[in-house]
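This is what each chain is made of:
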Amino acid sequence: MDMNTYVKVHDLTVTYNRDSQPIFEGLSMELYKGELILLMGPNGGGKSTLIKSIVGLLKPVKGRIEVLGVDPYRDLDIRKAIGYVPQVMDVNIYAPITLWDLVSFGRYPYLGIFKRFSKVDEEIVLDAIKKVGLEDYIDYKVSELSGGQLSRGFIARALAQDPMIYLLDEPFESIDYISEEVVLKVLREEAGRGKLIVLAEHHLSETGYIDRLILFNRGVIADGKPEEILNDKYLEKAYGGVKI
Ligand SMILES: Nc1ncnc2c1ncn2[C@@H]1O[C@H](COP(=O)(O)OP(=O)(O)O)[C@@H](O)[C@H]1O
Ligand SMILES: [Mg+2]
């Protein structure tokens, strides 16, 4: 496999229940090192399903996925290299943990059996918090943060993990426009450092930072530079005339 192909999806079919309709069938795509990709399409189109498949959370009915050359469903070690921010937050936000604790979780795959943080781990966590502009909230409990601050906290957790691949599932849901721009700039920088970033959104108004747009609805509708894709023909095909 080409060293620059970080994710390879080949003839993939995913179904939730054995006898129900597939969410998508015979899907193939390659995602490369250094790309900032927007995976965009309507709700229910299968974006989260595709992302979960790449993380290795769903077993393909047919076809295969390679993440950095291995099958993510079988080789769980690869998760260390994947910074996954799920659409539904995977931490109890009422737990008595602080923003610092949340972002620290990003370092856990690197810690030894005693889970002891080094000075370097602490610096990485602090740096991630600063990058998303939350340095004034370090000691806040996660329950005290606004929706947008919490979303940025989850992105900081992924940054602290320093993964090769970011899979961010609707991270901008409750983020204001200014913070969205801050995060997009950070992601742009990460792409510049050779990371692959996949951003799933049902809609994104600011596509200036995006290298590649994959318009997705139960399959790939269009795949290319945002300016090539964002036209009525493709949007109509993906959203079926629904105004976005
Ligand atoms: N755990 C599940 N069990 C059964 N069906 C599911 C499950 N998760 C999602 N689906 C269905 O799969 C389809 C695609 O959903 P999803 O991948 O969440 O789309 P998107 O992220 O683009 O909104 C939807 O019809 C949804 O109802
Ligand atoms: Mg989704």
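Right above here is the structure, for reference.
As a starting point, this report considers the structure included with it.

Quick look at the packing of helix 3 (residues 119-131) against helix 4 (residues 147-161)
Any two packed helices are characterised by the angle at which their axes cross and by the distance between the axes. Look at helix 3 against helix 4: their axes get within 8 Å of each other, and the N-to-C directions meet at 140°. Relative to helix 4, the element helix 3 is oriented oblique. In this structure, helix 3 meets helix 4 at a crossing whose hand is right-handed. Listed contacts from helix 4 to Ile124, Ala128, Ile129 and Lys131 of helix 3 are Ala156, Leu159 and Ala160. Tallied by class, the residues present in the contact of helix 3 with helix 4 amount to six nonpolar, no polar and one charged.

Observations regarding the nonpolar core
If you look at the biggest cluster of nonpolar residues, it comprises 47 residues, and the most contacted ones within it are Val103, Leu199 and Leu215. Sort the elements by how many residues they give to this core and helix 4 lands first, with seven residues. Dropping the residues within four chain positions of it, Leu215 is found in contact with Met40, Val220, Ile221, Ala222, Ile229, Tyr234, Leu235, Ala238 and Tyr239. Of all hydrophobic cores here, the second largest spans 29 residues; its members include Leu31, Leu50, Val55 and Val67.

Remarks on the coordination of the magnesium ion (ligand 2)
Taken together, the protein donors to the magnesium ion (ligand 2) comprise Ser48 (OG) and Gln87 (OE1), at separations of 2.0 to 2.2 Å. Placement of the pair is Ser48 in helix 1 (residues 47-55) and Gln87 in the loop between strand 5 (82-85) and helix 2 (99-104), with a sequence separation of 39 residues. Under the relative-accessibility criterion, Gln87 is labelled partly exposed at 40%.

Quick notes on the side chain of Gln161
By the element assignment, Gln161 lies in helix 4. Among the polar contacts made by the side chain of Gln161, one reaches the main-chain carbonyl oxygen of Lys80 at a distance of 2.8 Å. Setting aside anything within four residues of it in sequence, one finds Gln161 in contact with Arg79, Lys80, Ala81, Ile82, Gly83, Gly106, Arg107 and Tyr110.

Section: the site of ligand 1
In the region of ligand 1, the neighbouring residues are Tyr16, Ile23, Pro42, Asn43, Gly44, Gly45, Gly46, Lys47, Ser48, Thr49 and Arg218. At 2.7 Å, a backbone N or O of Gly44 approaches an oxygen atom of ligand 1. A distance of 2.8 Å separates an oxygen atom of ligand 1 from a polar side-chain atom of Lys47. For ligand 1, the protein covers 62% of the area, taking 560 Å² as the surface of the free molecule. Broken down by class, the residue content of the shell around ligand 1 amounts to three nonpolar, six polar and two charged.

A short note on the packing of aromatic side chains
Scanning the model with the defined rule gives four aromatic pairs in all. Note on Tyr108 and Phe117: the rings are 6.3 Å apart at their centroids and 65° apart in plane angle, and the pair reads as edge-to-face. Taking relative accessible area as the criterion, Tyr108 reaches 34% and is therefore assigned partly exposed. Phe117 gets classed as partly exposed once you look at its relative accessible area, which sits at 24%. Grouped by ring-pair contacts, the aromatic residues Phe105, Tyr108 and Phe117 constitute a single cluster. In this structure, Arg107 is placed above the aromatic ring of Tyr110, and the distance from its NZ or CZ to the ring centre is 4.2 Å.

So, how was this worked out
Residues numbered from 1 in each chain as written. Chains lettered and ligands numbered in written order. Predicted model: local features only at pLDDT ≥ 70, side-chain atom pairs only at ≥ 80, totals over all residues. Heavy atoms only, no water. Axes fitted to C-alpha atoms, helices over the stretch in contact; angles between N-to-C directions. Helix = DSSP H or I, 4+ residues; strand = E, 2+ residues; numbered from the N terminus. Parallel < 35°, antiparallel > 145°, perpendicular 65-115°, else oblique. Left-handed = near helix turned anticlockwise from the far one by under 90°. Contact = heavy atoms within 4.5 Å. Nonpolar A, V, L, I, M, F, W, Y, C, P; charged D, E, K, R; others polar. Core = buried A, V, L, I, M, F, W, Y, C linked by side-chain atoms within 4.5 Å. Buried < 20%, exposed > 50% of the residue type's maximum accessible area, 1.4 Å probe, protein only. Donors = N, O, S within 2.8 Å, 3.2 Å for Na, K, Ca; no water. Polar contact = N/O pair within 3.5 Å; in protein donor to acceptor, adjacent residues only side chain to side chain. Near = heavy atom within 4 Å. Areas by Shrake-Rupley, 256 points an atom, 1.4 Å probe, with all protein chains shown as cover. Phe/Tyr/Trp six-rings, centres within 6.5 Å; stacked < 30°, edge-to-face > 60°. Lys NZ or Arg CZ within 6 Å of the ring centre and 35° of its normal.

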